Amino acid sequence: MSFLNILLLGGAATFLAPLIIHLLNRSRYQSVDWGAMHFLEAALQVNSRRPQWESWLLLALRCLIPILLAISLARPVLTSLRVAGASGKQSIVLLLDDSASMNAITGSETPFSLAKQLASQLVHRYRAADFALWTTGEAPSDALGGVTFDPIRVDRTLAELEVKAPGDATLTALTSGIQQFGSMSNPNKQLVLISDFQQSYWGEYSDAQLATIERQLTAGSSPTQLFFLRLPETANGATSNIQNLSVRLLQDEAWPLRVNETYRAVGQVTNHSVEDATNLRVLFRVDAIDLASRIIDVPANGTAVVNFACEFNNIGQHVIELELGKSDQLIADNRYQHRLQVVAAPRVTIVDDSLQAGMQAESSYLQLALAPFTQRADSNPFQIKVVSSEELGKATVQSGDAIVLTNIARLDDTTVDEIKNFVSNGGGLLVFGGANLDVNWYNTQLHGRHSLLPYQYGRSASEEESIPLKLASRRAQLPWLDIFNDAQAGDLSSLEFTKWQALLEESITTGSANDSLQNDLRGERTRMLSFSTGSPWLAGCKYGDGYIVQCATSCSSEGSNMPLRPVFVPLMQRLLTMLATQTSVDPIVQLANVDPRESNLKLAGEAQLETIAQKLGATVVDSVDRFAEVERLRADGREIWRWFLVTLLIALFAELLLGQKITRGSL
Amino acid sequence: MRDDILDGNQAATPSLLTAPDRDALAQLQLLARNVVEGLTAGRHRSPHKGASIEFKEHRQYVRGDEIRSIDWKLFGKTDRLYIRQYEDETNLRSMILLDQSGSMAYRGPNSATLSKHQYARQLAACLATLLISQQDSVGIATFDTELRAIVPPRGRPNHLQAIFELLLRSATGNETQLSQSLKQATTQLTRRGLLFLISDCFDDIDSLLTALRYFRHTGSEVVVFQVWDRDELEFPFRNRTQFRSLENPTNQRVVDPALLRNAYLARVTEFRQKFASGCAKERIDLVECTTEQSYTEVLQAYMAQRGGIRQSFTKSGNKESR
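Not measured: the values here are computed from a predicted model.

Side note on the overall build of chain A
If you tally the helices and strands in chain A, you get 18 helices and 29 strands. When each of the 667 residues of chain A is scored for burial, the buried share is 39%. Taking the contacts inside chain A whose residues are at least 6 apart along the sequence as the reference set, 79% of them involve residues at least 24 apart.

Laid out in structure tokens, this is it:
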């Protein structure tokens, strides 16, 4: 503890005055010749047990009063609350939440407008500081483009800022803000986050994420002080008064749609209000044309699903849009749209050498899966062309979007070169295994020399393996396999294999410079699906602009039940679609839809925010004044003269009461 | 004639009675509540019919009556012998006991100009003068631990000289043995009479009442003038004070009066209530006074009370004489 006016503390010595007076009074007394001594002695006997604490307490109070007065005037400061380095000039990085929820309509001003006002107030309050301004939207950006000392410039920038970000990336912005201090000069670093602190975000942050930020804040010789500057209570309205509805499309997979293929849009409407939404109109729009609408009811804090369907005759991109016909607090989440790519039926060239054998072709099931309609070829999802390896010339190779090798023993070098060119230019290649494969050729030539296989083929496993192999059940991460995470779309675990060729990790190095060059075109191998033993079943890799997929088994029914299972059709169709369209089709690009978490306008509770702040070592403030107060406390410590003054008043009052009590006893 | 008596004693007691005191005393009428026997005719009526100037009634002569008592004029008118009877008057034999113990020497710095002893002497002088002026017998005795000086009751006007001389010689100093002194005083008031006790009564109440009860048993009337100093009643001291006993100088107490006041006042109140209750029970007149009060006013107030009693008693006395 220190004192701002320490000289006045000397006044505390006046406590000696009442003490001296008391001692003098004790040593000096008047003498009275008294007659009624027996009354006096009787009273003394009664009073002999009476504690003298009253007089001692009165003396203590009288000594305490000048001490308290002197301490109050000396303005004591509690320095234990002072933070080292907090007394210098500030470097302040403002993090402004510009996510969609900051544009909620709750009163005369939006939360974002209030946030900008707070930022401006803070900047003008600390004119000597240097400032940086970041937005915390999905892609945090440096709004000022650097550091400035000019509050006017900050004001101008703030005036230009608008809510643009569909979502929030506060943690990323915090990291960016901390890194920003590297280009700021003042050692007193303060990171001020101005946000509505939605519960949907702040309730999700894990301890590990917060610990990472906390480490970044405390790193270095001068730690960064983080402040959570909350908006006024009325900014987002009371939690119990939220009136917001949102809509979104459930299928977001980036998957092309073929011409004339039916597109089924599944929309979900969420009611974040505490009141039911009735007669809500949901509009389905394609390429800005209203196609259909539905009237639905959505219960309070509940959801409702709405379905629409359409077909596309034209190749190209189309915009699908759902819109709610009702205005609420947050307008941005009342519309949801994404862009859809419609492609022509992919052309697949199937290379099958079993056609002349008069037996069931190796690719029969594959053909059936890709082109089930023989009469109405236009209705087939794929345009297939089945040729033998000998027929596979340059013209044939170039005429398709993808080539499938089904249990082909080997190819001549010319054909391989054509396939290499084809794939490197964006074509797809699917290689199935089988008993006819010349494994040595595949490993040395196709894999080793031409790099057209991601793995080598290993030994052929067959009947001696008594237990059929299954595929490992693992959640698929690749977009084209997404649908198989839903068992209704197809159960991959139903596939069983009794014959296969192991895909080996080891690659054969040829040592030639030409081969090294070829290897450069092959990208990183990807295990798409694996056996339950862990060995890959389906693997792929990029090659130039194209893509190669290698399968450990054949596509026929020999050695597996795969062609006979329902999942075979969608699996092959998805796989070939991926191979055939991976360069020519842009994935579905979501437009600037609002993050669903933005729609829930419920704010993080005070206790919840305090808990998070505690983990981050942050301070929660609700105004610039409070920020300044905390900052002053960190810099100077806390002035506690008011406490002493209150104690002084209490002591005076007590002295008055006690004095009166004793005086009443004497008069 | 009463004025002559007062004037004749004025020169001898210049410091004890001031002129206003004498004027006030001249108006006082002291009448005893009870009729007492006396040798000297006075204003106190006796139930015994005897020689006096105030005619009471006639009765028929019987053998043995004195011949001189026959009303010859009535005999001339009625031819029958009647005896004239007169109201008989007795004088009052009274004794004043003056406390001169050490505690009576207190004179408060805050309250009065007279000490309790000085006040008591004045009061005794007034009483004696009043009684003598009524041709009653009055004596006086001073005491502390025992009777120190005694002037027996006399009714002569020059008897005041002896009383005043004793009062002037009275000095305080010793401790109080009030009950012991009262027992000694019983030898001085063997006949029915009036006893005035002027004291602060700082003694054991039970012993004191026991001693006074003896006087009541002899038929005497007892009047106690309890003299207080206002300091003793209010204990107004605030600063730290050393209290030295007036009766025993070695007894000293240094106390904080503020802390002691309530307990002290409680003890005084208890003492006063107990003493007043005891006096009422024994039909003893208790007159409390402080040294700030005029002693003549104290006497006037007391005598006014006594006068009321005398009237009622006179009526009952007449009925008895018939």
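Alright, that's what it looks like, and here's the rest.
Looking at the overall build of chain B
Each helix and strand counted, chain B has 10 helices and 10 strands in total. In chain B, buried positions account for 40% of the 322 residues. For chain B, long-range pairs separated by at least 24 residues make up 78% of all intrachain contacts whose partners lie at least 6 apart in sequence.

Remarks on unusual backbone geometry
Residue and element names in this part refer to chain A. The backbone of Arg 75 sits at a positive phi, close to 55 degrees, despite the residue not being glycine. As for its placement among the helices and strands, Arg 75 is situated in the loop between helix 3 (53–73) and strand 3 (76–78). We note that Asn 279 has phi near 50 degrees; this positive angle belongs to a residue other than glycine.

Quick word on the sheet that holds strand 19 (residues 402–406) of chain A
Two pairing modes exist for strands in a sheet, parallel and antiparallel, and in both the strands are linked by backbone hydrogen bonds. Residues and elements named next belong to chain A. The strand order across the open sheet formed by 7 strands is 18-17-19-20-27-26-25, and the pairing between neighbours is mixed. Of all strands in the sheet, those with a lone pairing partner are strand 18 (383–387) and strand 25 (522–530), marking the two edges. Between one strand axis and the next, the sheet turns through 15 degrees on average, direction left out of account. Sitting on the sheet, helix 11 (residues 413–424) is in contact with strand 19, strand 20 (428–432), strand 26 (536–543) and strand 27 (546–551), with an inclination near 120 degrees to strand 27. Sheet strands in contact with helix 14 (residues 568–581) are strand 17 (347–352), strand 19, strand 20 and strand 27, and its direction is about 140 degrees off that of strand 20.

Some points on the interface of chain B and chain A
Residue-level contacts link 30 residues of chain B with 23 residues of chain A. Per element, the largest residue contribution to the side of chain B that touches chain A is 11 residues, and it comes from helix 9 (residues 257–281) of chain B. For the side of chain B that touches chain A, a count of residues per class yields 14 nonpolar, 8 polar and 8 charged. Bridge analysis of strand 2 (residues 30–34) of chain A against strand 8 (residues 241–245) of chain B gives 5 bridges, and the strand direction is parallel. Bridging across to strand 8 of chain B, Gln 30 of chain A finds its partner in Thr 241 of chain B.

Brief notes about the packing of helix 6 (residues 170–180) of chain A against helix 8 (residues 207–218) of chain A
Residue and element names in this part refer to chain A. Their axes nearest at 10 Å, the elements helix 6 and helix 8 cross at an angle of 10 degrees. It follows from the interaxial angle that helix 6 and helix 8 lie roughly parallel. Mapping the contact onto sequence places Leu 171, Leu 174, Thr 175 and Ile 178 in helix 6 and Gln 209, Ile 213, Gln 216 and Leu 217 in helix 8. Considering only residue class, the contact of helix 6 with helix 8 consists of 5 nonpolar, 3 polar and no charged.

Overview of the environment of Asn 440 of chain A
Along the chain, the position of Asn 440 of chain A falls in helix 12 (residues 439–449). Between the C-alpha atom of Asn 440 of chain A and that of Tyr 457 of chain A, which follows or precedes it by 17 residues, the distance is 8.4 Å.

Some details on the pairing of strand 5 (residues 147–154) of chain B
Put simply, side chains in a regular strand alternate between the two faces of the sheet. Alignment of strand 4 (residues 137–143) of chain B against strand 5 of chain B, held across 5 bridges, turns out to be antiparallel. Bridge pairing links Phe 143 of chain B to Leu 147 of chain B in strand 5 of chain B.

Considering the sheet that holds strand 9 (residues 245–249) of chain A
Residue and element names in this part refer to chain A. Across the sheet, which stays open at both edges, the 3 strands sit in the order 9-11-14 with antiparallel pairing between neighbours. Where the open sheet ends on each side, the last strands, each with one partner, are strand 9 and strand 14 (303–311). Across the sheet, the mean angle from the axis of one strand to that of its neighbour is 20 degrees, orientation sign disregarded. Relative to strand 14, strand 11 (residues 262–271) is paired through 9 bridges, and the arrangement is antiparallel. Pairing of Val 266 across the sheet is with Asn 307, part of strand 14.

Remarks on the confidence of the model for chain A
In this model, chain A carries an average pLDDT of 82, and 90% of its residues clear a pLDDT of 70 or more. The spread of mean pLDDT over the elements of chain A runs between helix 13 (residues 513–521) of chain A, the lowest at 50, and strand 20 of chain A, the highest at 93.

Examining the confidence of the model for chain B
Residues and elements named next belong to chain B. For chain B, mean pLDDT is 74; residues scoring 70 or higher make up 75% of the total. Overall, residues 1–14 carries pLDDT values under 50, and its contacts beyond four positions in sequence, including any with other chains, amount to 14 contacts. Between residues 24–43, whose pLDDT stays under 50, and residues either more than four places distant or in other chains, the model counts 62 contacts.

A look at the nonpolar core
In this structure, Ile 96, Leu 97, Ala 124, Ala 128, Phe 196 and Ile 198 of chain B are the most contacted members of the largest nonpolar core, which totals 68 residues. Sorting elements by how many residues they give to this core places helix 4 (residues 116–133) of chain B first, with 11 residues. In this structure, Phe 196 of chain B is in contact with Ser 94, Ile 96, Leu 97, Leu 127, Val 223 and Phe 225 of chain B, ignoring residues within four places of it in sequence. Within the second largest apolar cluster, 64 residues are counted, among which are Ala 369, Phe 382, Ile 408 and Leu 411 of chain A.

A short note on the environment of Phe 568 of chain A
Residues and elements named next belong to chain A. Within the secondary structure, Phe 568 is located in helix 14. With 202 residues separating them along the chain, Phe 568 and Leu 366 place their C-alpha atoms 8.6 Å apart. Every residue in contact with Phe 568, bar those within four places of it in the chain, is listed here: Tyr 365, Ala 369, Met 562 and Pro 563.

Some remarks on helix 4 (residues 111–125) of chain A
Its 15 residues place the ends of helix 4 of chain A 21 Å apart at the C-alpha level, agreeing with the 21 Å of an ideal helix rising 1.5 Å per residue. Against the buried residues of helix 4 of chain A lie strand 4 (90–96), strand 5 (130–135), helix 5 (151–160), strand 7 (188–195), strand 8 (224–230) and helix 17 (624–636) of chain A.

What counts as what
Residues numbered from 1 in each chain as written. Chains lettered and ligands numbered in written order. Predicted model: local features only at pLDDT ≥ 70, side-chain atom pairs only at ≥ 80, totals over all residues. Helix = DSSP H or I, 4+ residues; strand = E, 2+ residues; numbered from the N terminus. Buried ≥ 20, exposed ≤ 12 C-beta atoms within 10 Å, placed from the backbone. Contact = placed C-beta atoms within 7 Å. Pairing = 2+ DSSP bridges. Axes fitted to C-alpha atoms, helices over the stretch in contact; angles between N-to-C directions. Nonpolar A, V, L, I, M, F, W, Y, C, P; charged D, E, K, R; others polar. Parallel < 35°, antiparallel > 145°, perpendicular 65-115°, else oblique. pLDDT = per-residue confidence, 0-100. Core = buried A, V, L, I, M, F, W, Y, C linked by C-beta atoms within 7 Å. Expected span 1.5 Å × (residues − 1).

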